[in-house]
Amino acid sequence: MGLHLYDTMRGRVEPFQPREPGRVRMYTCGPTVHGRNHLGNFRTYLQEDLLRRHLEASGFAVTHVMNITDVEDKIIRGAAEAGVSIDQYTAPHIEAFFTDLRRLNVLPAHHYPRATQYVPQMLQLIERLVAAGFGYPAEGSVYFHVGAFPHYGALSGLPAAGLQAGASGRVDSDEYDAKEEVRDFVLWKASRPGEVAVWPSPYGQGRPGWHIECSAMAMALLGETVDLHCGGVDNIFPHHENEIAQSEAATGQQFVRHWMHCEHLLLAGGKMAKSEGNVVTVEALVARGVRPMVIRYLLLSGAHYRRRLHFREEELEAAAEAVDRLVGFWRRCAESLPPAGGPQDGAGPDLLGAAAQRAVARFQAALDDDLNLPAGLAACFDLVHEGNRLLDRGEASAAGRAAALDGLRTIDRVLGVIEVAAGEVAVASALSPEEQALFDTRERARADRDYGRADALRADLLRLGIAVEDRPGGSRWRRV
Ligand code: AMP
Ligand code: ZN
């Protein structure tokens, strides 16, 4: 059947077809780095991770780009208040973002372009728009002339889209009011006196607007047409509507083949949002002893991505039980495997192997059906239930147990929870260069039989949250 996904532009579930067979160019809107990302942000990033993993498991070669918005009003204000450069101001927030992504076992994107590093590309795009009559300078800023782009509003379905205040907290609706029409939006913002982040441009000193950033970086890294563009539903309008207008006005090409948006995570009935002050962070939960894989599991499986999810503390417990049940069955299958080459137990009818095959097929079909993870997990728990019953009765052959483990592994390549929760593999991400250097130094100390130093370095690594285990073939690390 192949992957079917809901497309926001066409408003229906339809077959997903990238432009080039077998290859997917995927762009996901990333964070603004002026504070710690909350569970709502991570719900969206996790659903995007689920989609990416399912695409890869289905045989697609994916190139994934996620931007980092490291210049905007709040960042400029925060840096000025702290008396530091915007780079100094954003650095700890960027690091915290990557720490949380790693904790949640999110596959790293292939590129994390930062807005401040793509200003020339943004200016080029703005100049193209001005030359083609879609952009106009006014008082040192540049605006997009919405009236010149007849398809404006097609994504959000709001005919008078530009007349409404944006749903997201990040709307360029501030004091830039030199525009000709209320629905026009800003491409380039003239700098104000004393601002710490300014770039020269043909229009005077200034900085890019938020929307142009994603158009320019997506095109620079993925080409004029991307296969898949994702974000939370609050990005639909105005952010993605504006991205389409800017990109298509400049290139004359379709900007995005397929739009995927994740519904919100709610807290106490309202959208979890920094601006509302009702946020919970991964850091806060981890500090209270909640396992990151439980957070991952809850945010992925609590509801289908097109439904809202209410974050309730009690549900962490149910999620922990579900994770433990998966891990328990995984271990049961793994531990009861006979050693390779050892005696095998009776063949018998291989019920467990057949159950595993059915579960994998159902899981894959559920994900092909607009990423229906709740249905996929139902298949997985049917396998656990049936498998435990067969194991209790001694009716599972070694081949069956191996097949069950294999099936769980296949499922977990997409789910990304069980192996990490079982402590069998470290999270997908690599060590940072500093961590790697420390790890390598310890390996050398061990090779030199300098065990005192090796122990001290092991303790250093542990303080960074990296547990090192020495094995005959070399040491292994995992994040704890
Ligand atoms: P922001 O930094 O606010 O642009 O958010 C980064 C990403 O998180 C975007 O894709 C947003 O749509 C998404 N997002 C923000 N708040 C929530 C929420 N409460 N639930 C789900 N996704 C969210
Ligand atoms: Zn974006």
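Predicted model only: the values in this text are computed from it and were never measured. (Residues numbered from 1 in each chain as written. Chains lettered and ligands numbered in written order. Predicted model: local features only at pLDDT ≥ 70, side-chain atom pairs only at ≥ 80, totals over all residues. Heavy atoms only, no water.)

1. Examining the packing of helix 11 (residues 373-392) against helix 12 (residues 398-415)
Here comes step 1: Remark: helix 11 packs on helix 12, axes separated minimally by 12 Å, with the N-to-C direction vectors making an angle of 160°. Considered as vectors, helix 11 and helix 12 are oriented roughly antiparallel to each other. The element helix 11 and its partner helix 12 pack so that their crossing is left-handed. Contact residues: Leu-373, Leu-377, Cys-380, Leu-383 and Leu-391 in helix 11; Arg-401, Leu-408, Ile-411 and Leu-415 in helix 12. (Axes fitted to C-alpha atoms, helices over the stretch in contact; angles between N-to-C directions. Helix = DSSP H or I, 4+ residues; strand = E, 2+ residues; numbered from the N terminus. Parallel < 35°, antiparallel > 145°, perpendicular 65-115°, else oblique. Left-handed = near helix turned anticlockwise from the far one by under 90°. Contact = heavy atoms within 4.5 Å.)

2. Overview of the coordination of the zinc ion (ligand 2)
Here comes step 1: For the zinc ion (ligand 2), the full set of protein donor atoms is Cys-29 (SG), Cys-214 (SG) and His-239 (NE2), at a range of 2.1 to 2.2 Å.
Here comes step 2: Mapped onto the sequence, the residues coordinating the zinc ion (ligand 2) show the spacing C-x184-C-x24-H. Of the two residues, Cys-29 sits in the loop between strand 3 (23-28) and helix 1 (39-57) while His-239 sits in helix 6 (residues 236-251), which places them 210 residues apart along the sequence. The burial state of Cys-29 is the same as that of His-239; both residues are buried. (Donors = N, O, S within 2.8 Å, 3.2 Å for Na, K, Ca; no water. Buried < 20%, exposed > 50% of the residue type's maximum accessible area, 1.4 Å probe, protein only.)

3. Re the side chain of His-239
Here comes step 1: Judged by relative accessible area, His-239 falls into the buried class, the value being 0%.
Here comes step 2: A distance of 2.9 Å separates polar atoms of two side chains, one belonging to His-239 and the other to Glu-243.
Here comes step 3: Residues in contact with His-239, not counting those within four places in the same chain, are Cys-29, Trp-210, His-211 and Cys-214. (Polar contact = N/O pair within 3.5 Å; in protein donor to acceptor, adjacent residues only side chain to side chain.)

4. Structural notes on the sheet that holds strand 13 (residues 309-310)
Here comes step 1: A sheet is described by the order of its strands in space; here three strands give the open sequence 12-11-13, paired in mixed fashion. The open sheet has two free edges, formed respectively by strand 12 (270-271) and strand 13, since each of these has just one partner strand.
Here comes step 2: Note that strand 11 (residues 265-267) and strand 12 share two bridges and pair antiparallel. Within strand 12, the position partnered with Leu-266 by the bridge is Lys-271. (Pairing = 2+ DSSP bridges.)

5. Description of the domain arrangement of the protein
Here comes step 1: Under the domain assignment used here, the protein contains domain 1 (4-262), domain 2 (283-428) and domain 3 (433-479).
Here comes step 2: Summarising the inter-unit geometry, the C-alpha centres of domain 1 and domain 2 are found 36 Å apart.
Here comes step 3: Summed over the three residues of domain 1 that lose the most area to domain 2, namely Arg-43, Leu-50 and Arg-103, the buried surface amounts to 26% of that side.
Here comes step 4: Glu-283 is the salt-bridge partner of Arg-36, the closest N and O atoms lying 3.5 Å from each other.
Here comes step 5: Among the elements of the structure, strand 1 (4-7), helix 1, helix 3 (86-103) and strand 10 (256-262) are those that each provide at least two residues to the side of domain 1 that touches domain 2.
Here comes step 6: Broken down by element, the side of domain 1 that touches domain 2 gets its largest block of residues, eleven residues, from helix 1.
Here comes step 7: Looking at side-chain class alone, the side of domain 1 that touches domain 2 contains 14 nonpolar, five polar and seven charged residues. (Domains from an automatic or database assignment. Buried area = accessible area lost by both parts, 1.4 Å probe. Salt bridge = Lys/Arg side-chain N within 4 Å of Asp/Glu carboxyl O. Nonpolar A, V, L, I, M, F, W, Y, C, P; charged D, E, K, R; others polar.)

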